[in-house]
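Here is what each chain is made of, one letter per residue.
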Amino acid sequence: MTFNEYPPPEHILGDLGMEAELTTETTARVRTRVTPFVTTADGGVRAGVLATLVDIVGGAIAARVLRPDWMATADLALQLVGPVCGPWVEARGTVARRGRTTLVLEALVVCVGEDGSDTVVDGRPADPVAWASMTFSVLPARNPASSVQTATELPARWAFEGGGLDRPILEALPVELLDAAAGRLSVAVRPYLYNSFRAVQGGVIALLAEAAGAEALAAAHGLDSSGFVVTDLQIAYLALGRVGPVVTTARLLGSGPDGRHGAVVELRDRGADDRLMTVVNVSGVPAAQLAGAQT
Amino acid sequence: MTDGGSPAEAGVGSGADRRHHVSDYFRLERWELPPGDEERPSAFEGRSPLDDHTRGPGGGLRTGGLLTNLDTLGGFTSGLAVLPQWIVTTSLLATVSALDQVGPLRYRADVLRRGRASVVTALEVVDEGAHDRRVAAATMTCAVLDPGAMDLVFERPVSLAMPPPATVPQRPEEFFGIEPGEGAVTRLVLEDRLRNPWGILHGGAVAMLADEAACRAATAYSTAVAGPNGVAAADAVLHYLRPVRVGPVEARCRVLGSRAGRTAVRVQIHDVGSDDRVVTLGSVTVLAV
């Protein structure tokens, strides 16, 4: 379904086949199927894809809680916790606090079966895949920027329908690699990536930051990008990316003996005077360190 | 909530021993930089030594201490950007990539976005003792508020010297009044020295509590999460939902999972004396060290 024509027929949310359900006035869940097109070398779902799930579940809750007002994502933090066991991953969101100008939400990402029940491992529900939180800025209803003027039409359940991915998600965007060591990637702004403001969707920004961080971290270790798994994203959304191309750069952080590595990724809108859109703190570990590791 | 600085902290009319304030316990020296361009309208730098009693099992400054310094510096930077209004911290997202800092540490804070209702500031920390290695990065969001009766007058550019070392060093848990509770609960006794100029618990004290509580919870979860030197907090996400006014304060933790030496701990902090309301929500990554 769409809200005032959002998302358009060919859209990343449709290709991810997301299914959403508002479970109460202040909770919701959104799930997507685990496919090889959204996973990393360790078999886990990309942090950027999970961030997209979280952004959508948060947006669904916020739309209901804040109506008739609207919202923009101000920050989003995602922390991978455990391995993905599929066949679906589901983000379950809930309101932490509704303030006058902001709304804070929390989400757990879990593995679920075909019937929507929690995946069981060794006789008990599997550990969460990820924990996330986000802050939304409240936009008064009179704000004309969004194509979505009201949330009163939100149904209890809906699905983003599309053809499905037929290639890895970064190829579907598509992302152009300019300089791996510098974490320089570029993506054109087009309707496939839009949010309801006709700017780059928040989950896509997370995907770009994840990819830029992985490229830079992997290059610093003589690996290709599949050799690094991003485990944490801390995203501060500063401005919309409307013109494009959106270009990323990464600045590496030093690392200690524990094997974790970090980078600060900036995204800029080249066509809008190189405006700084987003700053993302990225953490990751070599895939070899993560593979099969579980205490 | 940050203390965000105040005339008293800026050295205007304060004769108190600065080592007894939260923002000075970790001996953060700080100075304002000349205004930059429109994209970065306000900036500060800071520097702190690494005193032995503030080091954690990772070898460097306890992450709660690092977050305290980030909250102090970021709050000041954000507040000066919105004068005559002031700010209150609403979220702090911090990545600490290296725990084995040598010190001293140098800090930089830049306002990235100054809106009508909020300010976003980026922070970065380098380790001077390790060839200026970048050891942490953070973003901090503050809500803009009316300072009410608080008279915010600063001599610009603001500069605060490094507080002197403690004559009788106190461990952070002792200074912050942090005590173990039952199971995955850790408590903080709200003493007056932990309050900021607004009378509420300093955001750095909340961060220190989150650090200690998450490490205790991870250790209780499984001995397998610890390394030869135990555990230490690293990355942290803190959403300051409401001010802490009454106390005592309780951090209630849930270990979400553990993998490859990283344990994810959800931390929810309550003001017990204020109808047990939730004041902070976040997560801490605890590492085997």
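Residues numbered from 1 in each chain as written. Chains lettered and ligands numbered in written order. Predicted model: local features only at pLDDT ≥ 70, side-chain atom pairs only at ≥ 80, totals over all residues.

Caption draft 1: Looking closely at the overall build of chain A. Helix and strand counts for chain A stand at 5 helices and 15 strands. For chain A, the spread of C-alpha atoms along the principal axes amounts to about 55 × 50 × 35 Å. Across the 295 residues that make up chain A, the buried fraction comes to 54%. Taking all contacts inside chain A whose residues are at least 6 apart in sequence as the whole, residues at least 24 apart take part in 74%. (Helix = DSSP H or I, 4+ residues; strand = E, 2+ residues; numbered from the N terminus. Buried ≥ 20, exposed ≤ 12 C-beta atoms within 10 Å, placed from the backbone. Contact = placed C-beta atoms within 7 Å.)

Caption draft 2: Inspection of the overall build of chain B at higher detail. Along the backbone of chain B there are 4 helices and 13 strands. Whereas a compact globule of 289 residues would reach a radius of gyration of roughly 19 Å, chain B reaches 18 Å, a difference of no more than 12%. The dimensions of chain B, computed from C-alpha atoms along their principal axes, are 50 × 50 × 40 Å. Every one of the 289 residues in chain B was classed for burial, and the buried ones make up 57%. Sequence-distant contacts in chain B: of pairs separated by 6 or more residues, those separated by 24 or more amount to 71%. (Rg over C-alpha atoms; globule rule 2.2 N^0.38 Å.)

Caption draft 3: Fine view of the environment of A:Ala63. Summarising the element assignment, A:Ala63 is placed in helix H2 (residues 47-66). Between the alpha carbons of A:Ala63 and A:Leu154 there is a distance of 8.2 Å; along the sequence they are 91 residues apart.

Caption draft 4: Layout of the interface of chain B and chain A. Taken together, the contact between chain B and chain A spans 41 residues of the former and 41 residues of the latter. The set of elements that each furnish at least two residues to the side of chain B that touches chain A consists of strand S3 (86-96), strand S4 (105-114), strand S5 (118-127), strand S6 (133-145), strand S10 (231-240), strand S11 (249-259), strand S12 (262-271) and strand S13 (277-288) of chain B. Broken down by element, the residue count for the side of chain B that touches chain A peaks at 7 residues, all from S6(B).

Caption draft 5: Broad picture of the pairing of strand S3 (residues 70-80) of chain A. Residue and element names in this part refer to chain A. Across the 11 residues that make up S3, a large majority, 11, are buried. Bridge count for S3 against strand S8 (residues 130-139) is 10 bridges, and the pairing is antiparallel. In the strand pairing of S8, alanine 77 is matched with serine 133. As paired elements, S3 and strand S12 (residues 228-237) share 5 bridges and run antiparallel to each other. Counted as the bridge partner of alanine 77 is glutamine 234 from S12. (Pairing = 2+ DSSP bridges.)

Caption draft 6: Structural context of helix H2 (residues 63-81) of chain B. Relative to the 27 Å expected for 19 residues at 1.5 Å per residue, H2(B) spans 26 Å between its end C-alpha atoms, a close match to the ideal helical length. Of all 19 residues in H2(B), 19 are buried, a share of seventy percent or more. (Expected span 1.5 Å × (residues − 1).)

Caption draft 7: Representation of the nonpolar core. One finds A:Leu50, A:Val54, A:Leu208, B:Leu209, B:Ala210 and B:Ala214 to be the most contacted residues of the largest nonpolar core, which totals 195 residues. The biggest single contributor to this core is helix H4 (residues 202-220) of chain A, with 13 residues. Apart from the residues lying within four places of it in its own chain, the contact partners of A:Leu50 are A:Val45, A:Leu78, A:Val89, A:Val109, A:Val129 and A:Ala130. (Core = buried A, V, L, I, M, F, W, Y, C linked by C-beta atoms within 7 Å.)

Caption draft 8: Representation of the packing of H2(B) against helix H4 (residues 203-221) of chain B within the structure. All names here are of chain B. Between H2 and H4, the shortest axis-to-axis distance is 8 Å and the interhelical angle comes to 160°. Judged by the inter-axis angle, H2 sits roughly antiparallel to H4. Judged by the twist between their axes, the crossing of H2 over H4 is right-handed. From H2, Thr63, Gly64, Gly65, Leu67, Thr68, Asp71 and Thr72 reach across to H4, where they touch Gly203, Gly204, Ala207, Met208, Ala210, Asp211 and Glu212. Class assignment for the residues of the contact of H2 with H4 results in 4 nonpolar, 7 polar and 3 charged. (Axes fitted to C-alpha atoms, helices over the stretch in contact; angles between N-to-C directions. Parallel < 35°, antiparallel > 145°, perpendicular 65-115°, else oblique. Left-handed = near helix turned anticlockwise from the far one by under 90°. Nonpolar A, V, L, I, M, F, W, Y, C, P; charged D, E, K, R; others polar.)

Caption draft 9: Summary view of the pairing of strand S5 (residues 102-112) of chain A. Residue and element names in this part refer to chain A. Of all 11 residues in S5, 10 are buried; the element is thus mostly enclosed. Across 10 bridges, strand S4 (residues 88-98) lies against S5 in antiparallel orientation. Of the residues in S5, the one forming a bridge with arginine 97 is valine 104. What sits between S4 and S5 in their antiparallel hairpin is a turn of 3 residues. As judged from the 8 bridges shared by S5 and S8, these two strands associate in the antiparallel manner. Each residue of the ladder has a partner; that of valine 109, found in S8, is alanine 130.

Caption draft 10: Focus on unusual backbone geometry. Residue A:Pro174 is reached from A:Leu173 by a cis peptide bond, and omega for that bond is -15°. A cis geometry characterises the amide bond from B:Gly103 onward to B:Pro104, with omega recorded as -5°. By secondary structure assignment, the location of B:Pro104 is in the loop between S3 and S4. Located in the positive-phi region is A:Asp122, a residue other than glycine, with phi close to 50°.

Caption draft 11: Examining the packing of H2(A) against H4(A) more closely. Residue and element names in this part refer to chain A. Two numbers describe how H2 lies on H4: the axes approach to 8 Å, and their chain directions differ by 160°. Compared by their axis directions, H2 and H4 come out roughly antiparallel. Crossing geometry of H2 relative to H4 is assigned as right-handed. In this structure, H2 contributes Ala47, Gly48, Val49, Ala51, Thr52 and Asp55 to the contact, and H4 contributes Gly202, Gly203, Ala206, Leu207 and Glu210. Taken together, the residues of the contact of H2 with H4 sort by class into 5 nonpolar, 4 polar and 2 charged.

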